[in-house]
Amino acid sequence: MTAKYIGQADFPVDYTFDGYKIGGLSGIDYDAATGQFITESDHGADGSSNAYYTVTLDGLNSGNLAVTFQSVTPLTHDDAESIRYDPSGNGVWYTTEGNPSIYHVSADGTITQATTPANITAGAGWNTSFEGSTFTPNGDYIVSMERSLKNDAWEYSRFTTFDSNHQEVGQFVYKLDDVTNNGVSDILALDNSHLLVMERNFDGNTDANGVSHNSIRIYEVDIDGAQNVENIDQLTTDNSTPVSKTLIWNSADVAETLNTPADKIDNLEGMTFGPTLANGDASLILVNDDNYADDQIKTQFVALDLDIVQSGTQVLSGETNTVSAGAFSISATVLSGGTLNITSGGIGSATMVDAGGLISVSGSLSTATVSGGEVDVFSGGVVSAASVTD
């Protein structure tokens, strides 16, 4: 799996919408049903209230991105970092990191708070706790620490998994790259056992020239069988094993071409899938936190092309979608006459196969629902958690 840069849309630091100064955007999510994104500020400008916004994004296939702010909703709590739509459609969830907390704002405006694990409450450093979050297809909610707990090895970030009833089921450890001022800024589920993890570091310089002072790296992470470390009080390299990770995008690769104040990569903190691209790949949308700082120049939305079959793809009659080695297909629906071909090393998850549809599996297919369709498993292919109905 790899990602490549498509383009960006920027707003100046003094841009306002409906009386709110836009900035501090730390999280983003996408609702395919409405075609809208939500993005939230981690604090308001000049002491004003923080809020979340709905936005639309156009121009993905041309690379000429255009973002339009549509609405604004105030948030009750400061330091909001990651925001996600509720999977059932009942409002939004967001995390805060100053005081590590998780909140659900239901569609009717009711606010409830999930229980923060005791070791996070006791051991989190100021402003380095609940930075990222994501929902998996099976309804689990995973929340990531920006950095380590006070007693843990400095490079170890704890990720906490909650079930669909929002009860903690465990923690696993992710190892950060050994670079200055580094941390996990957001996470995004590919399927039930694979995540994208975005690391972001800052070199400490604040000049406004064309050199990017932020390094952004996105990793594919395998959490299947991860060690549960929730009962280990002090994580060390001897008592805990981090999950494996594979680099899929590094902002250093575009630093030479994006080398002006107007287009250099900034302090990217939020990450979500967007609409499927014309070539069938997934779009990955990133947003930056400009800290309302003049030397950061802009609020920035960045689009990447991720070579997976996008979440929610419909494979129509006469079409064949191929999931190659290292690629993912998430929540695809194979309609009558359509074919989804999962080659060796490819992964499919949460897939529907309608009557007359076909999936050929030489790789891995999990959590499939077969409603009168056909699944052919070839040498090396693995199918798990499949249900079959007439």
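Everything below is about the structure printed above this text.
Because the structure is a prediction, the values reported are computed rather than measured. (Residues numbered from 1 in each chain as written. Predicted model: local features only at pLDDT ≥ 70, side-chain atom pairs only at ≥ 80, totals over all residues. Heavy atoms only, no water.)

Caption draft 1: Region of the structure containing the pattern of salt bridges. For the structure on display, the rule yields 9 salt bridges. Ionic pairing is found between Glu 199 and Lys 245, a salt bridge with its closest N-O pair at 2.7 Å. Residue Glu 199 is located in strand 17 (residues 194-202), and its partner Lys 245 is located in strand 19 (residues 244-250); the two are separated by 46 residues in the primary sequence. We classify Glu 199 as buried; its relative accessible area is 0%. Lys 245 sits in the partly exposed class, given a relative accessible area of 25%. Residues joined in a network through salt bridges with shared partners are Asp 177, Glu 199, Arg 217 and Lys 245. (Salt bridge = Lys/Arg side-chain N within 4 Å of Asp/Glu carboxyl O. Helix = DSSP H or I, 4+ residues; strand = E, 2+ residues; numbered from the N terminus. Buried < 20%, exposed > 50% of the residue type's maximum accessible area, 1.4 Å probe, protein only.)

Caption draft 2: Broad picture of the packing of aromatic side chains. Following the criterion strictly, the structure yields 16 aromatic pairs and no others. With a centroid separation of 4.8 Å and 50° between ring planes, the pair formed by Phe 11 and Tyr 15 is classed as tilted. On the basis of relative accessible area, Tyr 15 is assigned to the partly exposed category, the value being 27%. Note on Trp 93 and Tyr 141: the rings are 5.7 Å apart at their centroids and 45° apart in plane angle, and the pair reads as tilted. (Phe/Tyr/Trp six-rings, centres within 6.5 Å; stacked < 30°, edge-to-face > 60°.)

Caption draft 3: Examining unusual backbone geometry more closely. The backbone phi angle of Asn 127 is positive, close to 65°, even though this residue is not glycine. Tracing the chain through its elements places Asn 127 in the loop between helix 1 (118-123) and strand 12 (130-135). For Asn 181, which is not a glycine, the phi torsion comes out positive at approximately 50°. On the secondary structure map, Asn 181 appears in the loop between strand 15 (168-175) and strand 16 (182-189). For Asn 181, a relative accessible area of 41% translates into the label partly exposed.

Caption draft 4: Expanded view of the layout of surface pockets. Its volume calculated, the second largest pocket comes out at about 500 Å³. Taken together, 30 residues make up the lining of the second largest pocket; nearest its centre are Arg 200, Phe 202, Asn 267, Glu 269 and Asn 291. Secondary-structure elements contributing two or more residues to the lining of the second largest pocket are strand 16 and strand 17. Split into classes, the residues belonging to the lining of the second largest pocket amount to 2 nonpolar, 14 polar and 14 charged. (1 Å grid on protein atoms, 1.4 Å probe; cavity = no way out; pocket = protein on both sides within 12 Å on 5 of 7 lines; lining within 4 Å. Points joined across faces, edges and corners; volume = space filled by probe spheres on them. Nonpolar A, V, L, I, M, F, W, Y, C, P; charged D, E, K, R; others polar.)

Caption draft 5: Local environment of the sheet that holds strand 19. Strand order in the open sheet made by the 4 strands is 16-17-18-19, with antiparallel pairing throughout. Because the sheet does not close on itself, it has two edges, and the strands there are strand 16 and strand 19. Taking each pair of neighbouring strands and ignoring which way they run, the sheet shows an average axis angle of 30°. Here strand 17 pairs with strand 18 (residues 214-222) via 9 bridges, running antiparallel. What sits directly across from Asn 201, in strand 18, is Ser 215. (Pairing = 2+ DSSP bridges. Axes fitted to C-alpha atoms, helices over the stretch in contact; angles between N-to-C directions.)

Coordinates in, geometry out; function isn't part of it.
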